[in-house]
Amino acid sequence: MLSFTLRKLATLVGTMLGIAALTFLITNVAPGDPARLVAGPNATEDMVETIRVANGLDKPLPEQFIIYMSGLLRGDLGTSIVTTRPVIDELLRYAPATIELVLVAMALGIFVGVPLGMLSAVYRNSWFDHLTRIFSISGVALPAFWFGILLQLFFAVQMGWLPVSGRLPLVARPPEPITHLLLVDALLRGQFSLFWTALSHIILPAVVLSFPCLASILRVNRAEMVEVLQSDHVVAARAHGLSSRRIVALYALKNAMLPTLAMIGLRFGWMLGSTVLVETVFDWPGIGLYAVSSALSSDFKPVIGVTLLIGFFFIIANTIVDLAYAWIDPRLRNA
Amino acid sequence: MKKNLVLAAMAAALLSGTLMTSPASAFERTDNGEIIVFAGRQAIPVLDPHVRYDWSTRMIQQAVYDALVKYEGDPAEIKPWLAESWETSEDGKTWTFKLVENAKFHNGDPVNAEAVRYSFERGLKLNKGVAWMLKDFLAPEGITVVDDYTVQFELKAPYAPFLSFMPWWFIVNPEQVKANEVDGDYGEKWLTENAAGSGPFKLGRWEPNVLYEIEAVADYWKGWPQGENRPAGVIYRIIREPSAQRASLQRGEVDIVEGLTSDDYVQIANTPGIEIQNHKGMTTFGIKFNTQQGPTADINLRKAIAYALDYDALIQIYNGAASLQTSPLPDAMRGHIDVPDIPRQDMAKAKEYLAKSQYPDGGITLPYVHVAGLEEARRIGLVLLENLKELNINVEITPEQWPNMVANGSRVETSPAMTSVYVTPISTDPDAVAYQYHKNSWGQYYAMAFYDNPEVAGMIDKARASTDWDERADLYAKIQTQIVADQPEVFGMLQNRRWAHRDYLEGFKFSPVRFTGEVDLYPLWIDAE
């Protein structure tokens, strides 16, 4: 187990450095002068130079790269040229909103996707199966921003059931932070009405974010279940007279979960990336929105910071999936 | 058991969708009164009045800070504010401002001459944001405190537009700023998300990228125009998508929005309870030619293109909420004239000019660059594409991200043949636009044409140094006529400024000199009846 952890840790550090180097290069080859943008449309050349020098942009690119990477090794992600604040502070400010959104979306994906996949496998080729197939194909195919706007128009404007955007109503004060996840904090502080309000705000963005993930979990789970339900051990279990419910829920599902888990791990990272679109549509103040606004103003360090953070969570999620694999399939433990 | 849990979770998810519907609240009420909610697309990363300005930033700066004078009304006029009066010496180099004596900062400190001196010194020394307006004409040493409530500016050279920039130099409280200084940074770090002003509002909640709240100062030294009806505060809320802005307004989650699409404004106008503000602004739209390099260096080709464009289509694209430019200077600017013979569509003339150019038969392809995502600019490109087909000129419509467009436009070699550019002047003084056609402006996005006419530049220099308005007006008339004759760009249209708000929002006062989405929050109030 120790060597497993150490191996994972080394991969983590190596991958993170790789991501940082790559993103640094990509963002810096892109044309556009962030100092000029920050200085404003009328700024004179010497005013632009002041900003350039203050942010180290006057140095040659290789030198900037070395400065950035050595800072990174000390845990310093640099300073945003637009907001003039350390990127790490800003990430800490925005990450909880994204994490909360992704967790809720993930929960939706798993708790709706897995049972639906299971049921459509059990009732294969029935009307239910066809219905879920349409559902899952549209889930993978629908563009998030379009789907988001559609849901806003229907549920918020037409029906007036849910708020259009944001994380809380304007005059509501967030609960005293404990975990910085509003839903959790509201529960821990016993502020139940605030919890419901926060929940009503998170539903639409979480649904939009989870839809493609839910759809792929559903499809993978269905396909696996179909295969497992035809396998010898299930036939044997049926021959032993075990109840159908027991066979499906206990024996078949567990075996069908391996590829589903891999899909969940993959989709977690994908979801973090998708927050860029979903957070923009719903004005969800997370790292996706932060990345978009930074990229639009050629503010590179926050972009690298966000990429690193997403990469970090991606790797962590996949590590957890690896562990879960080992838990579900004992053959993998010593592999 | 597992399945039951799943079912329970699903049921909870569905139920939550139907049960937790909060009724649409018209405006936010608090114990102190009504809060006006303004939705805009643009965040406020840095509030420091001497470091950054754009429309959203300046809207809040104007609310929490005061300046010596303030722009109000349409046409915009400079009104006394912290300064009750001012005078200028005959040579136009010395400006003396007499301050009101009852103004105080939010912490109770008086707004005196020293605060004014410190604020201007700070702005000049930081050399950011507003500094460009005055730095060539004013040194920090040129500002003197005559007495507690009199301050004097000694300019290096006469500079007629001086007063027109004063509304954008906000006064900060030196005591508060100095107390929060880190390593001699003039309190720059602190003022990023804090304020030290004397304006009608003070800062409330500050949640970057989400909302910015300002609270009304009950005993504001200048009083409130709406008296007892003044709001308790304003929340400026970031809603980036026009569709979400529209939905929020219709649902009553916000009281006023700035960023709807042209079509949205038309559609929403008929909604009961919603009013549209539609005013002629100062933002010009032009198609800048690269006048130094490539085919568009040929004036006859530029003229041919200018005569080929269907100008009425520009207005149609904005659903009528725009008016054609009749001069490089917007209509609301002092000294504006309607330049005779400014090109309008005339294909005969267009062909005549083309015949005189180096490309008598056309047969060339010209890029038309616009900011990616600006739908109207793209549609204008399509109009141009259609019109220039008749001249056998092909147009390549190229969307470009704003930072890249600025970068390309900063050098002659990389500036495209045609770039669509919106420009908003910062003051009502004609110099604010005229100087864009001065060679000293090369490298800026609004000077992408790299226009070079020494005669015009000479007149611009002369006009900005003159203290005699009649002489200046005369010079600006000539400048406008000559620029149109040289056709460094297609002079397009002035896009109207529009806002949509609930009908109970009162006190909206438009002034063309404000930036695109900017609203004066001071006179607003809610008619709760």
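Residues numbered from 1 in each chain as written. Chains lettered and ligands numbered in written order. Predicted model: local features only at pLDDT ≥ 70, side-chain atom pairs only at ≥ 80, totals over all residues.

To continue, consider the overall build of chain A. On a plain count of helices and strands, chain A comes out with 13 helices and zero strands. Seen through its principal axes, chain A has C-alpha atoms that stretch 85 × 55 × 40 Å. Counting over 335 residues, chain A shows a buried share of 45%. (Helix = DSSP H or I, 4+ residues; strand = E, 2+ residues; numbered from the N terminus. Buried ≥ 20, exposed ≤ 12 C-beta atoms within 10 Å, placed from the backbone.)

The next point concerns the interface of chain A and chain B. At the interface, 49 residues of chain A touch 52 residues of chain B. Taken together, the elements giving at least two residues each to the side of chain A that touches chain B come down to helix 2 (34-39), helix 3 (45-54), helix 5 (87-122), helix 7 (144-158), helix 9 (192-229), helix 11 (244-282) and helix 12 (287-296) of chain A. Here the side of chain A that touches chain B is composed, by residue class, of 30 nonpolar, 15 polar and four charged. (Contact = placed C-beta atoms within 7 Å. Nonpolar A, V, L, I, M, F, W, Y, C, P; charged D, E, K, R; others polar.)

Residues and elements named next belong to chain B. Bridge analysis of strand 15 (residues 364-371) against strand 16 (residues 393-400) gives eight bridges, and the strand direction is parallel. Paired with threonine 365 across the two strands is asparagine 394, which belongs to strand 16. Two elements, strand 15 and strand 17 (residues 418-423), share two bridges in a ladder whose sense is parallel. For tyrosine 368, the partnering residue across the bridge sits in strand 17 and is methionine 418. (Pairing = 2+ DSSP bridges.)

Bringing the packing of helix 6 (residues 127-141) of chain A against helix 9 of chain A into the picture now. Residues and elements named next belong to chain A. Remark: helix 6 packs on helix 9, axes separated minimally by 7 Å, with the N-to-C direction vectors making an angle of 135 degrees. The pairing of helix 6 with helix 9 is recorded here as oblique in orientation. Taken as a pair, helix 6 and helix 9 cross one another with a handedness that is left-handed. Contact with helix 6, carried on its side by Thr132, Ser136, Gly139 and Val140, involves Phe211, Pro212, Leu214, Ala215, Ser216, Leu218 and Arg219 of helix 9 and no other residues of that element. Classifying every residue of the contact of helix 6 with helix 9 gives six nonpolar, four polar and one charged. (Axes fitted to C-alpha atoms, helices over the stretch in contact; angles between N-to-C directions. Parallel < 35°, antiparallel > 145°, perpendicular 65-115°, else oblique. Left-handed = near helix turned anticlockwise from the far one by under 90°.)

A few words on the sheet that holds strand 6 (residues 94-99) of chain B. Consider a sheet: its strands pair through backbone hydrogen bonds, and that pairing is either parallel or antiparallel. Residue and element names in this part refer to chain B. Taken together, four strands build an open sheet; the order of strands is 5-6-8-7 and the sheet is antiparallel. Each having just a single partner strand, strand 5 (83-88) and strand 7 (143-147) make up the two edges of the open sheet. Here the average twist between neighbouring strands, direction ignored, is 20 degrees. Where strand 6 and strand 8 (residues 150-154) come together, five bridges link them in antiparallel fashion. Residue lysine 98 lies in a different strand from strand 8, and its bridge partner there is threonine 150. Seen against the sheet, helix 3 (residues 113-126) touches strand 6, strand 7 and strand 8 and runs at an angle of roughly 180 degrees to strand 7.

Moving on, we get to the UniProt feature "transmembrane region" (unreviewed entry) in chain A. Under the local residue numbering, the UniProt record ascribes the feature "transmembrane region" (unreviewed entry) to residues 9-30, 101-122, 134-157, 194-215, 248-270 and 303-328 of chain A. When the span residues 303-328 of chain A is considered, its composition is 100% helix and 0% strand, and the gap between its end C-alpha atoms is 37 Å. (UniProt positions renumbered as here; feature names shortened; annotations may be inferred.)

Let's shift gears to the UniProt feature "domain: ABC transmembrane type-1" (unreviewed entry) in chain A. UniProt feature "domain: ABC transmembrane type-1" (unreviewed entry): in the numbering of this structure it lies at residues 95-325 of chain A. Measuring from the first to the last C-alpha atom of residues 95-325 of chain A gives 28 Å, for a span that is 81% helix and 0% strand.

Frequently, the measure chosen for interface size is the accessible area removed from exposure when the parts meet. The domains assigned to chain A are domain 1 (34-67) and domain 2 (103-288). With centres defined by C-alpha atoms, the gap from domain 1 of chain A to domain 2 of chain A works out at 44 Å. (Domains from an automatic or database assignment.)

Before going further, it helps to spend a moment on helix 11 of chain A. Structural remark: α-helix, 3.6 residues per turn; residues separated by three or four positions point the same way. The end-to-end C-alpha distance of helix 11 of chain A, which contains 39 residues, comes to just 43 Å, noticeably less than the 57 Å that a straight helix rising 1.5 Å per residue would cover. A positive backbone phi angle near 45 degrees is found at aspartate 283 of chain A, which sits one or two residues after helix 11 of chain A. (Expected span 1.5 Å × (residues − 1).)

Nonpolar side chains tend to gather and get buried jointly when the protein is soluble and globular. Judged by nonpolar contacts, the single largest core of 243 residues is most densely connected at Ala105 of chain A together with Ala67 of chain B. The element best represented in this core is helix 9 of chain A, accounting for 21 residues. Residue contributions to this core reach at least three from each of two domains, namely domain 1 (34-67) and domain 2 (103-288) of chain A. Beyond its immediate sequence surroundings of up to four residues, alanine 67 of chain B is in contact with Trp81, Leu82, Met166, Pro167, Trp168, Trp169, Phe170 and Ile171 of chain B. (Core = buried A, V, L, I, M, F, W, Y, C linked by C-beta atoms within 7 Å.)

Okay, the packing of helix 11 of chain A against helix 12 of chain A next. All names here are of chain A. With their axes 7 Å apart at the nearest point, helix 11 and helix 12 run at an angle of 90 degrees to one another. Between helix 11 and helix 12, the angle is such that the two are roughly perpendicular. Contact residues: Thr275, Val276, Val278, Glu279 and Thr280 in helix 11; Ile287, Gly288, Leu289, Ala291 and Val292 in helix 12.

A separate point is the environment of glutamate 518 of chain B. Mapped onto the elements of the fold, glutamate 518 of chain B is located in the loop between strand 19 (505-506) and strand 20 (525-526). Separated by 227 residues in the primary sequence, glutamate 518 of chain B and threonine 291 of chain B place their C-alpha atoms 33 Å from one another.

This part covers the pairing of strand 8 of chain B. Residues and elements named next belong to chain B. Here strand 8 shows one buried face, formed by Val151 and Phe153, and one open face, formed by Thr150, Gln152 and Glu154. For strand 7 and strand 8, the ladder comprises four bridges, and the chain directions are antiparallel. From the neighbouring strand, threonine 144 faces strand 8, where its bridge partner is glutamine 152. Two successive antiparallel strands, strand 7 and strand 8, enclose a turn made up of two residues.

A few words on the environment of glycine 123 of chain B. All names here are of chain B. Counting through the fold element by element, glycine 123 comes out in helix 3. Linking glycine 123 and proline 140, residues 17 residues apart in sequence, is a C-alpha distance of 9.1 Å. Glycine 123 has contacts with His50, Val130, Ala131 and Trp169, leaving out every residue within four places of it along the chain.

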